Amino acid sequence: MLPALAVLALLAYPASPGAEGATPADAASAVLVLTVALRLLREGRDSGGRGESGAGGERGGSTGETGGSRETGGSRETGGARGATRFRAALTPRAALVLGAPVLALALAALGAADAATGIAGLGRYLQIFVLVPAALLLSLRDARDVRVLAWGLVALALAEGGVGVVQYLTGSGASYMGEDVRAVGTFGPGDVMGMATVVAYGLVAASGLALARTGEAPRLQRPLAALCAAALLVPLALSFSRGAWIATAAVLGLQLLAAGPRRALAVLAAASAAAVVLVGGLGIGSAMLQERLSSITKVTDAPDQSVTDRYTLWAAAADMWREHPVTGVGLKNFPAHRDSHASLALSAGSDTAGAGQDFRVQPLLSPHNMYLLVLGEQGLIGLTALAGSWAALLVLGVRRLAGTHQRLAGTHQRRARRRRPLDCGLVACGLLVWQLVDFTYADIGGPATVMTALALGLAAWWGLGARHGAERPGAEGAGSYGAEGDGSYGAGGSAAYEAPGRPVPYATPCSAPHRQPASQPSERRTP
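The following refers to the structure shown.

So, how was this worked out
Residues numbered from 1 in each chain as written. Predicted model: local features only at pLDDT ≥ 70, side-chain atom pairs only at ≥ 80, totals over all residues. Heavy atoms only, no water. Patch = residues over 30% accessible without salt bridge, like charges linked within 9 Å, V, L, I, M, F, W, Y side chains within 5 Å. Areas by Shrake-Rupley, 256 points an atom, 1.4 Å probe, with all protein chains shown as cover. Salt bridge = Lys/Arg side-chain N within 4 Å of Asp/Glu carboxyl O. Helix = DSSP H or I, 4+ residues; strand = E, 2+ residues; numbered from the N terminus. Buried < 20%, exposed > 50% of the residue type's maximum accessible area, 1.4 Å probe, protein only. Expected span 1.5 Å × (residues − 1). Polar contact = N/O pair within 3.5 Å; in protein donor to acceptor, adjacent residues only side chain to side chain. Pairing = 2+ DSSP bridges. Phe/Tyr/Trp six-rings, centres within 6.5 Å; stacked < 30°, edge-to-face > 60°. Lys NZ or Arg CZ within 6 Å of the ring centre and 35° of its normal. Arc of directions from axis to C-beta. Contact = heavy atoms within 4.5 Å. Core = buried A, V, L, I, M, F, W, Y, C linked by side-chain atoms within 4.5 Å.

## Observations concerning a nonpolar patch on the surface
Where nonpolar side chains cluster on the molecular surface, the patch consists of Leu108, Leu111, Val327 and Ile382 and spans about 370 Å² of accessible area. With respect to the element layout, Val327 can be found in the loop between helix 13 (306-324) and helix 14 (335-342). By relative accessible area, Val327 is classed as partly exposed at 47%.

In structure tokens:
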């Protein structure tokens, strides 16, 4: 988990004005991918060596366990082999298909780039965000405890960036907005005004999912601490003045509440409404700029500002590119070269940025600020089908598994299902994926915070593709399952009893042989 946490830590590294290319967080994501690749090669080599020299171990017919090895059904398997099996178990054909589907489409789009260097750079960026880092995170996450650690990492980064943003607003040292340096941008600077909004929104979604955990399913202090963090992150999210982040976050929080249960949703909504009435109506909290920004969401057709006009113009340009090249698009990273020939005169020269310690600059508009239209214009129907199909598959698999956490089973099966599928991990993974898919309507990849998209896809892949294949660590919170649903499980409380996948382990305490009650004593029914 250290490389994944390093990605989050390095995201807070202050951005240099006008800096382009790879960031420290991108370098940490490369370390994550390289670490997983080396581990796969090492375990593949070790398992190959065991396969050549372990034939003699298949002659035995007894089942036992001695030291660091285990004999099951006549074959001996070391403890390291068990870890290798668990690590490689997530590399199922379905996982490879869902995560690897965009590779061929991206390679085809790279061939249509303006030059080879541009095509290779664009291909590497897309593979990093949508294929390599999500797959590496899928293989790195072992159980619910790892997911919670990563979720708390997101919350910690959001609190740090949000704290810087609140200070910027209060001291007038933020990015320029409506003539005043009050826009909260954190350490990302005015050139990436969506950076802090994305980080804070991710932390808010993660905190909300952790706060909605079931009783007894997570550590005792998780729910109150997560709820407190979620409430605190609402302030910097509002001060980011990012309408797209507001819309995506509101949609995800509502869906998380509904997924957690209608009764809990009504209680949370009632508390939120009461707090809003007290803060806004009673104390008068809410600046005029914030109210104006919020009301501008409904004025996109009546009296749109220049930013909305630019966005609509860029959307129309991307759609026009697709109409000219419907199958393959204009080529990877070719939107800026074709923008002026497809955009109307309503498009401005660029976006004015200033404040937060930087001088006035004109930020060029090099993308349509809509991921779906960007892919459609540059990669055509082939690219959009591959990428959007991969995202849709992750969403369907994740939602289906999330719905399975509410299945009511009886007795032992109910306890085992709850240990195997913790609700809070599903709410975090699915919530981040839904947030990103909604935000893609108003934004696209670009900037240091883009690597967080890869983390969201990796969490969604673990929940929808990998969680049922990886073994839970004995003694971990929420642990207790091994293998697919219906497969063997560790005993209650993290027992060391173990069976091969496909052989269920009863929750009853094992006994050597049944014994008969003496005739003088009444018979009793033993409850396992």
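## Considerations on helix 15 (residues 371-404)
Think of an α-helix as turning once every 3.6 residues; residues three or four places apart then point the same way. Along its 34 residues, helix 15 runs just 31 Å from first to last C-alpha, ending more than 12% under the 50 Å computed at 1.5 Å per residue. Where helix 15 starts, the residue carrying a side-chain oxygen 3.0 Å from the main-chain nitrogen of Tyr372 turns out to be Asn370.

## Concerning the pattern of salt bridges
Side chains that differ in charge, positive against negative, can pair when their charged atoms come close. Going through the model one piece at a time under the given rule, you end up with five salt bridges. Between Arg125 and Asp26 there is a salt bridge whose closest N-O contact spans 3.2 Å. Residue Arg125 is located in helix 6 (residues 116-140), and its partner Asp26 is located in helix 2 (residues 24-53); the two are separated by 99 residues in the primary sequence. We classify Arg125 as partly exposed; its relative accessible area is 22%.

## Some details on the pairing of strand 5 (residues 180-183)
Here strand 4 (residues 175-177) pairs with strand 5 via three bridges, running antiparallel. Along strand 5, the bridge assignment pairs Ala175 with Arg183. In textbook terms, the turn of a hairpin is the stretch between consecutive antiparallel strands, and for strand 4 and strand 5 this stretch comprises two residues, one of which, Met178, has a positive phi near 55 degrees.

## Comments concerning the packing of aromatic side chains
Throughout the structure, instances matching the rule amount to eight aromatic pairs. Their ring planes at 45 degrees and their centres at 5.4 Å tell us that Phe130 and Trp391 sit as a pair that is tilted. Placement of Phe130 in helix 6 and of Trp391 in helix 15 is noted, with a sequence separation of 261 residues between them. Trp391 gets classed as buried once you look at its relative accessible area, which sits at 4%. Feature note: the residues Tyr126, Phe130, Tyr372, Trp391 and Phe440 constitute an aromatic cluster, connected by ring pairs. One cation-aromatic arrangement involves Arg401 over Trp463; the distance from NZ or CZ to the ring centre is 5.2 Å.

## Things to note about helix 5 (residues 102-111)
Taken together, the buried positions of helix 5 are Pro102, Ala105, Leu106, Ala109 and Ala110. Buried residues of helix 5, viewed axially, fall in a sector of 140 degrees; they line one side. Facing away from the buried side of helix 5 by more than 90 degrees, the exposed set consists of Leu104 and Leu111. Next to the buried residues of helix 5 lie helix 4 (93-100), helix 6 and helix 15.

## Side note on the nonpolar core
One finds Tyr126, Phe130 and Met371 to be the most contacted residues of the largest nonpolar core, which totals 108 residues. Here Tyr126 is in contact with Leu106, Val131, Leu332, Met371, Leu374, Val375, Glu378, Gln379, Leu387 and Ile445, once residues within four sequence places are set aside.

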